[in-house]
Amino acid sequence: MDKLETINPQQISVLFFTFMTGSSIINIPAPLIGKAESGAWLSLLISGSIGMMLLGCMLYLHARFPNASYVEYSRKLIGSWPTIIISILPLSCMLHMLTAIVLDIALFMKSSMLRETPSYAFTSLIYTVAALTVRAGLEVMARMFTIIVIFIVIFVSAVLLLAMENYNPEFLVPVMPQGLKPVLNGAFFSYGFPYAEVFLFTMLLQFVRKPSGSGLNRNMLLSLLMNILTLCISTVCTIMLFGPLAGIKKYSLYELARTVDVQEIITRIESVIGMSLIAGSYMKATITLYVLCLFVAHLLKLKDYRTIVMPIALIAFLNTLVGFKSDMQWVEIVSIVHPLWVTFAYSAPLLLVTVVAFIRYRAK
């Protein structure tokens, strides 16, 4: 397996922040508020804490096996065949994730901008660009995504600040009008998307340059904290603007941008948020496709993951065409099925391998 590509801790943390925040900053607030109401930010704190625990497991395993991916150290710890067996669910879940991320771009474009354009016109372009980016390699992705994510953060921050005059803080109370149950329901939703998905970076930590890897733990933790803070701020701003209606706005941050009107000079800036959603989803889809190809290559012991990038992208594209029948089915999968799926596909295998590693090294 070719491991000549290397990135520094700052670059992996930018990729991590990009992956965790890219599409979630647009897609998380509305459904989360619909479940947890004004306590949605508490749900993010709970699910974010679970994400930190999973990140701690990843960093512990990386410290034990700094030059190995999840597949490689799983083989060492539990054996080759058990690794292959427990890898079936992660592979299927990654394919589902990749399909869902790209499909979400098409659904957004069809519902807000280009209503008459067929979905495959968007998904085919995204898959093509993502596949070409993956073939370019991790170093290119790290450099390019750093620039894109800076612009996204600037755009989103500007929109949230420009909408400040429309905020109504009274909508934030009471914090838990229906008790704790809706908050926990929201935490379950936001745990599945995006915090359980930190698992994918078990395949990427091996590429961090070892002489400069001492700051890896700090940078990864800081990225996750920034992600939690960013999602909390966008969710709170959405609640303060729309109040009880916040939970029914499908792309709430996009709708928030539509309310910005500064002296009839700065208007109609929702297109900036639309571009941010497309760019963020593209970056997350690219990282997911890269990890999926790398995962398959390591399982099959291929010399170069690039040989399977185009076939896997084609499979995901075809799945996009036939995998979802309606928007309602899509909402049900993301809200109910996805959190359960990632629990068994990502969290459970990661915890299992961590426990085995801890017991083995404790015994020594």
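Above this text is the structure in question.
Structure report, in brief. (Residues numbered from 1 in each chain as written. Predicted model: local features only at pLDDT ≥ 70, side-chain atom pairs only at ≥ 80, totals over all residues. Heavy atoms only, no water.)

## Focus on the layout of surface pockets
Right, on to step 1. Within this model, the second largest pocket holds a volume of roughly 300 Å³.
Right, on to step 2. Forming the boundary of the second largest pocket are 19 residues, of which Phe 17, Ile 25, Val 153, Ser 157 and Thr 230 lie nearest the centre.
Right, on to step 3. The element contributing the most residues to the lining of the second largest pocket is helix 9 (residues 138-162), with 7 residues.
Right, on to step 4. Residue classes in the lining of the second largest pocket are distributed as 12 nonpolar, 7 polar and no charged. (1 Å grid on protein atoms, 1.4 Å probe; cavity = no way out; pocket = protein on both sides within 12 Å on 5 of 7 lines; lining within 4 Å. Points joined across faces, edges and corners; volume = space filled by probe spheres on them. Helix = DSSP H or I, 4+ residues; strand = E, 2+ residues; numbered from the N terminus. Nonpolar A, V, L, I, M, F, W, Y, C, P; charged D, E, K, R; others polar.)

## A word on the pattern of salt bridges
Right, on to step 1. In total, this model carries 5 salt bridges according to the counting rule given.
Right, on to step 2. For Arg 306, the salt bridge is made with Glu 5, and the minimal N-O distance between the two is 3.7 Å. Of the two residues, Arg 306 sits in the loop between helix 13 (270-300) and helix 14 (309-322) while Glu 5 sits in the segment before helix 1 (9-21), which places them 301 residues apart along the sequence. For the pair shown, Arg 306 and Glu 5 are each scored as buried.
Right, on to step 3. Residues Lys 284 and Glu 197 are paired through a salt bridge, measuring 2.7 Å at the closest nitrogen-oxygen approach. (Salt bridge = Lys/Arg side-chain N within 4 Å of Asp/Glu carboxyl O. Buried < 20%, exposed > 50% of the residue type's maximum accessible area, 1.4 Å probe, protein only.)

## Here we look at the nonpolar core
The nonpolar side chains of soluble globular proteins are, as a tendency, buried together.
Right, on to step 1. By size, the foremost hydrophobic cluster in this structure holds 119 residues, and its most contacted members are Ile 12, Phe 201, Leu 204, Leu 256 and Leu 289.
Right, on to step 2. Residue contributions to this core peak at 17 residues, all from helix 13. (Core = buried A, V, L, I, M, F, W, Y, C linked by side-chain atoms within 4.5 Å.)

## Considering a nonpolar patch on the surface
Right, on to step 1. A surface patch of nonpolar side chains, about 560 Å² in accessible area, is lined by Ile 46, Ile 50, Met 53, Met 176, Leu 180, Leu 184 and Leu 351.
Right, on to step 2. Elements represented by at least two residues in the nonpolar patch include exactly helix 4 (40-64) and helix 10 (180-192).
Right, on to step 3. Ranked by residue count, the leading element in the nonpolar patch is helix 4, at 3 residues.
Right, on to step 4. As for its position among the elements, Met 176 is in the loop between helix 9 and helix 10. (Patch = residues over 30% accessible without salt bridge, like charges linked within 9 Å, V, L, I, M, F, W, Y side chains within 5 Å. Areas by Shrake-Rupley, 256 points an atom, 1.4 Å probe, with all protein chains shown as cover.)

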